[in-house]
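Spelled out from the first residue to the last, the chains are:
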Amino acid sequence: MSEIDVRLRDVTKRFGEFVAVDDISLEIPRGSFFAMLGPSGCGKTTTLRMIGGFEEPTAGTVLLGDQDVSDLPPYKRDVNTVFQSYALFPHLSIADNVGFGLREHGVPKAERTARVGEALELVDLTGYDTRKPRQLSGGQQQRVALARALVNRPRVLLLDEPLGALDLKLRRQMQLELKRIQQEVGITFVHVTHDQEEAMTMADQIAVMNEGRIEQLGGPTELYERPGTAFVAGFLGVSNLIAGRLDGTDVVTADGTRLAVAAGALGGRTGAVRLGIRPEKIRVADGDAPAGAALVGTVREYAYVGVATQYVVDTPAGEIQVFHQNATPGVQVAQPGTRVTLTWDPQATFLVEGETE
Amino acid sequence: MGYLRRHPRAVPYLLIAPGLAWLAVLFVVPLYYLVTTSLQSGDIYEGFRLTWQWSNYGDMLSQYRPQLVRSALYAAIATVAALLIAYPIVYFIARRGGQWKSLLLVLLVAPFFVTYLIRTIAWQTILADEGLVVGVLRDVHILAPDGRLLATSFAVVAGITYNYFPFMALPLYVALEQLDGRLLEASSDLYANSVRSFLRVTLPISLPGVFAGTLTTFIPAMGDFVNAQLLGTPKQYMIGNVIQSKFLVIVDYPLASAGAVILMVLILVGVAIYARALGAERLTG
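Cut-offs used in this document
- Residues numbered from 1 in each chain as written.
- Chains lettered and ligands numbered in written order.
- Predicted model: local features only at pLDDT ≥ 70, side-chain atom pairs only at ≥ 80, totals over all residues.
- Heavy atoms only, no water.
- Contact = heavy atoms within 4.5 Å.
- Buried area = accessible area lost by both parts, 1.4 Å probe.
- Salt bridge = Lys/Arg side-chain N within 4 Å of Asp/Glu carboxyl O.
- Polar contact = N/O pair within 3.5 Å; in protein donor to acceptor, adjacent residues only side chain to side chain.
- Pairing = 2+ DSSP bridges.
- Helix = DSSP H or I, 4+ residues; strand = E, 2+ residues; numbered from the N terminus.
- Axes fitted to C-alpha atoms, helices over the stretch in contact; angles between N-to-C directions.
- Core = buried A, V, L, I, M, F, W, Y, C linked by side-chain atoms within 4.5 Å.
- Buried < 20%, exposed > 50% of the residue type's maximum accessible area, 1.4 Å probe, protein only.
- Patch = residues over 30% accessible without salt bridge, like charges linked within 9 Å, V, L, I, M, F, W, Y side chains within 5 Å.
- Areas by Shrake-Rupley, 256 points an atom, 1.4 Å probe, with all protein chains shown as cover.

Peer 1: Is there a simple way to think about the interface of chain A and chain B in this case?
Peer 2: The interface is formed by 24 residues belonging to chain A together with 17 residues belonging to chain B. Per-residue buried area on chain A facing chain B is highest for A:Tyr75, A:Phe100 and A:Glu104; these three make up 30% of the total on that side. As a salt-bridge pair, A:Glu104 and B:Arg196 come within 2.9 Å of each other at their nearest N and O atoms. Across the chain A-chain B interface, the total number found is nine residue pairs in polar contact (both at pLDDT 80 or more).

Peer 1: Looking at this model, I keep getting lost on the sheet that holds strand β12 (residues 250-252) of chain A. Mind explaining?
Peer 2: Within a sheet, each strand pairs with its neighbour through backbone hydrogen bonds, oriented either parallel or antiparallel. Residues and elements named next belong to chain A. Strands sit in the order β13-β12-β11-β14-β20 across an open sheet of five strands; the sheet is antiparallel. Looking at which strands have only one partner, the edges of the open sheet turn out to be β13 (258-260) and β20 (350-353). Between one strand axis and the next, the sheet turns through 45° on average, direction left out of account. Here β12 runs beside β13; their pairing, made up of three bridges, is antiparallel. Residue pairing across strands places Asp250 opposite Ala260, the latter belonging to β13.

Peer 1: How should the sheet that holds strand β7 (residues 156-160) of chain A be read in this particular structure?
Peer 2: Residue and element names in this part refer to chain A. What the six strands build is an open sheet, ordered β6-β7-β8-β3-β9-β10; its pairing is mixed. Across the chains shown, the open sheet's two edge strands, defined by having one partner strand only, are β6 (79-82) and β10 (213-218). Between one strand and the next, the sheet's axes are offset by a mean angle of 20°, whatever the strand orientation. Pairing between β7 and strand β8 (residues 188-193): five bridges, direction parallel. Across the sheet, the residue bridging to Leu158 is Val190, located in β8.

Peer 1: Looking at this structure, how should I read the nonpolar core?
Peer 2: Most often, soluble globular proteins have nonpolar side chains that are buried together. Ranked by size, the top nonpolar core spans 43 residues in total, and within it A:Val98, A:Leu146, A:Leu150, A:Leu157, A:Phe189 and A:Ile206 carry the most contacts. Looking at this core element by element, the count peaks at six residues for helix α5 (residues 138-150) of chain A. Those residues in contact with A:Val98, other than ones at most four positions away along the chain, are A:Val116, A:Ala119, A:Leu120, A:Val144, A:Ala147, A:Arg148 and A:Val151. Counting 26 residues, the second-largest nonpolar core is a separate cluster that includes B:Tyr74, B:Val157, B:Ile160 and B:Ile243.

Peer 1: Hey, could you run me through unusual backbone geometry in this one?
Peer 2: Where the residue is not glycine, phi is negative for most of them; where a peptide bond is considered, it is trans in most cases. Residues and elements named next belong to chain A. One non-glycine residue, Arg153, lies in positive phi territory at about 45°. Tracing the sequence through the fold places Arg153 in the loop between α5 and β7. Taking the relative accessible area as the measure of exposure, Arg153 reaches 49% and is therefore partly exposed. Although it is not a glycine, Glu211 sits at a positive phi angle of roughly 50°. Tracing the backbone through its elements, the reader meets Glu211 in the loop between β9 (205-210) and β10.

Peer 1: Before we go on, may I ask you to explain a nonpolar patch on the surface in this structure?
Peer 2: All names here are of chain B. The grouping of Tyr13, Ile16, Leu20, Trp22, Leu23, Val25, Leu26, Phe27 and Val28 at the surface amounts to a nonpolar patch, some 1000 Å² of accessible area in total. Counting through the fold element by element, Tyr13 comes out in helix α2 (residues 10-38). Taking relative accessible area as the criterion, Tyr13 reaches 62% and is therefore assigned exposed.

Peer 1: How should I be thinking about the pattern of salt bridges in this particular structure?
Peer 2: Residue and element names in this part refer to chain A. By the definition in use, this model includes 29 salt bridges over all chains. Between Glu55 and Arg49 there is a salt bridge, and its shortest N-O distance comes to 3.2 Å. As a salt-bridge pair, Arg153 and Glu118 come within 3.9 Å of each other at their nearest N and O atoms. Linking Arg153 in the loop between α5 and β7 with Glu118 in helix α4 (residues 109-122), this pair joins segments that are 35 residues apart in sequence. Glu118 gets classed as partly exposed once you look at its relative accessible area, which sits at 48%. Linked by salt bridges that have partners in common, Glu3, Asp5, Arg30 and Arg155 make up one network.

Put into structure tokens, the structure is as follows:
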């Protein structure tokens, strides 16, 4: 049975009238890579700051292991943070930056030097000890910030959009690097990001947040294949959502088309729903097609992007986006105006709530 | 304009030309006259002639050593006092002032909109024997029944401290205002409580402000003569009083000039030693 490192119980944070975090409860198991994902203003950073001790919850409790830390200042918590701005001390050398926490904990100098060396090696910055932060590139500064936090071997490491300031290529590289380091040190990582790809690449568990609440919590595959709400379906990748009413195991659209739903996706829903299908799960065939899970429509526009062709198809159930992989030689692109049939495996579908207006 | 377009490299030189002209007219030329005057001999009736009278320096140094030492001592004490008073106030305004920051800063420097002389004369009244401050201090037996504040070293140092306060406060304010609050979060995250955070982050990062503030306070304080004259007695006179009276009362220009040069050299040497001790390369980046 895995131990729980971080527990939030009914945590709420208000800034004046504004509710930044709205009654959140979650548990983060030891050694996991946990991501909080959402648009800006969704409360993910505030949640992280409450775990770090920089914000006090308006209501609810924060526990590290079994200890209630809700009222403890940051310097008494066994967590360390990698800040979005890195917040490296400009007047200290890299070695002194990394050794800052060890010194505050009274670690003897010899051990401190050794551990700082190890930490710099872990982030591949051996030999940079005597430099000043401003002599380093953004990516190097980011790794110093990581080493400065990791060297203390905290119970939990908090990462506040640590890759946000890096360019795309460096960000990809650092994502894999962070994942490797996390597996190597085995410390629980709590990562805040608005980049769904970043969360999917690194995290074991993702909490998708919106307006101060957790919309859905799960592994990357689960969240992508079976999003539980329209927000999650739209935030993680692209989804086609087809409105209709649930009739048995079919969704019936306004024009009477019946579309089958995966049995496991029903989740006890009734009445007005939306059926979701990812663009890459849809197959395109010429002309009219057999009954079943199919929609007939007309190609409105397309974009050939080499690896795939993206179509927008007008159907009686609305506009459908299709991502057709060009896996076979001799690619034929369906021109606008062509009638096509869209089919998919009902197992690939999911259901979200009906439109609320 | 055509010339500038054809010779873009001339632009920086043209831009610094006014500054250089200013420096030449108001610094280099007066300095030249000051140094040559300091080596002259003669008197106001027969005129002064350049006779390379190096003994002017020896005379100044031997006759007015107490005033020189007193100047350095008063200026040093006043600088340290101004630093100790200004730092907490400015820290509070810069870090905790919030929306009141600008107002508090204006309030801090507002007294200094009044002219220097009037402010110092006001201190005469405040420290006067029959004034409130002396009365209270006598009543609580901090001062003897016939004890005074006016006409003491204390009054002179207090006056200097007060008069040069903005020169200390403003550089400190700039340094503390610019300090990134996220660094304090980071140090708190790394187990430093607020005292430790201050010692390891705030104070070292504000050192350039301390350096600038102590220099802009100490240098004019060292040459000050108004405070000693208005709040002290000849027993509290500083080198500034000597130079002023040599120039304007005794009208011995060579000796007065030698005194001014000595003061300038002392300050230069002092600043150089101070900058080295604090590590000026580190401070200025």
